[in-house]
Amino acid sequence: MSVFIPIPIEDIEIAAEQPSKTYKLDVERGRIFPVGTCDGLEAVNQFIKKALLTPRFRCLIYDNQYGSEIKQTIIADDATTEYIETEMPRIVKDACLCDSRVLDIYDFSFSFEKERAFIRFTANTIFGETVVEEVI
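In what follows, the accompanying structure is described. Please read these numbers as outputs of a predicted model, since none were measured by experiment.

Parameters and conventions
Residues numbered from 1 in each chain as written. Predicted model: local features only at pLDDT ≥ 70, side-chain atom pairs only at ≥ 80, totals over all residues. Heavy atoms only, no water. Helix = DSSP H or I, 4+ residues; strand = E, 2+ residues; numbered from the N terminus. Salt bridge = Lys/Arg side-chain N within 4 Å of Asp/Glu carboxyl O. Buried < 20%, exposed > 50% of the residue type's maximum accessible area, 1.4 Å probe, protein only. Contact = heavy atoms within 4.5 Å. Expected span 1.5 Å × (residues − 1). Bend = angle between axes of the 7 residues up to and from the residue. Pairing = 2+ DSSP bridges. Axes fitted to C-alpha atoms, helices over the stretch in contact; angles between N-to-C directions.

**Digging into unusual backbone geometry**
Phi at Asp 107 is positive, roughly 60 degrees, even though this residue is not glycine. Summarising the element assignment, Asp 107 is placed in strand S3 (residues 102-113).

**A word on the pattern of salt bridges**
Summed over the entire model, instances satisfying the criterion amount to eight salt bridges. The shortest N-O distance in the salt bridge between Glu 87 and Arg 90 comes to 2.7 Å. In this pair, Glu 87 and Arg 90 both sit in helix H3 (residues 81-96), three residues apart, roughly one turn of the helix. For Glu 87, a relative accessible area of 19% corresponds to the buried category. Across the salt bridge formed by Glu 133 and Arg 120, the nearest N and O atoms sit 3.0 Å from each other. Of this pair, Glu 133 sits in strand S5 (residues 128-135) while Arg 120 sits in strand S4 (residues 116-125), and the two are 13 residues apart along the sequence.

**Topic: the environment of Ala 43**
For Ala 43, the position within the fold is in helix H1 (residues 41-53). Each C-alpha atom, one on Ala 43 and one on Lys 114, is 32 Å from the other, the two residues being 71 residues apart in sequence. When near neighbours in sequence (up to four residues on either side) are disregarded, Ala 43 contacts Ser 20, Thr 22, Cys 38 and Arg 101.

**Focus on H3**
Here H3 spans 22 Å end to end across 16 residues, near enough to the 22 Å set by a 1.5 Å rise per residue. Residue Glu 87 marks the point of greatest curvature in H3, where the axis turns by about 35 degrees; the proline Pro 89 follows within four residues. Among all positions of H3, only Ile 84, Glu 87, Met 88, Pro 89, Ile 91, Val 92, Ala 95 and Cys 96 are buried. Close packing links the buried residues of H3 with H1, helix H2 (70-74), S3 and S4.

**Some words on the pairing of S5**
In the sheet, S4 pairs with S5 via eight bridges, with the strands oriented antiparallel. Each residue of the ladder has a partner; that of Asn 124, found in S5, is Glu 129. The turn linking S4 back onto S5 is made up of two residues.

**So, the sheet that holds S3**
Spatially, three strands are ordered S3-S4-S5 in an open sheet, and the strand pairing comes out antiparallel. The outermost strands of the open sheet, each flanked by one partner alone, are S3 and S5. Geometrically, the sheet is characterised by an average inter-axis angle of 15 degrees between neighbouring strands, direction not taken into account. The strands touched by H3 are S3 and S4; relative to S3, the strand with the most contacts, the crossing angle is about 150 degrees.

Printed below as a string of structure tokens:
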């Protein structure tokens, strides 16, 4: 026997996007700022940087969707500049598009100097476009 319980439609709340407000990070020193938060495009930029710098599958606090394989790809013995340029867009998109605030990643450019790789790309977010430049 089933029980029918009517629920008035006006009592149903529309799902709202969660705020993106978060603590500010000092990435260079690996610290959270003692005072201060960020929101909007600044918070998305912070997420992108942290997602790219965090190694995937190495930090137990994160699930297997968070982080990137950039470091493993760059330090591989057989990693040529052509291989890095080919794989990097896929790796960056994989790391960033898991966040619903990031809509698309495109317009990649690379430069190599000694042991470092410089990557630049544009991220289209719900807060607008942002250009991201990272040293890998």
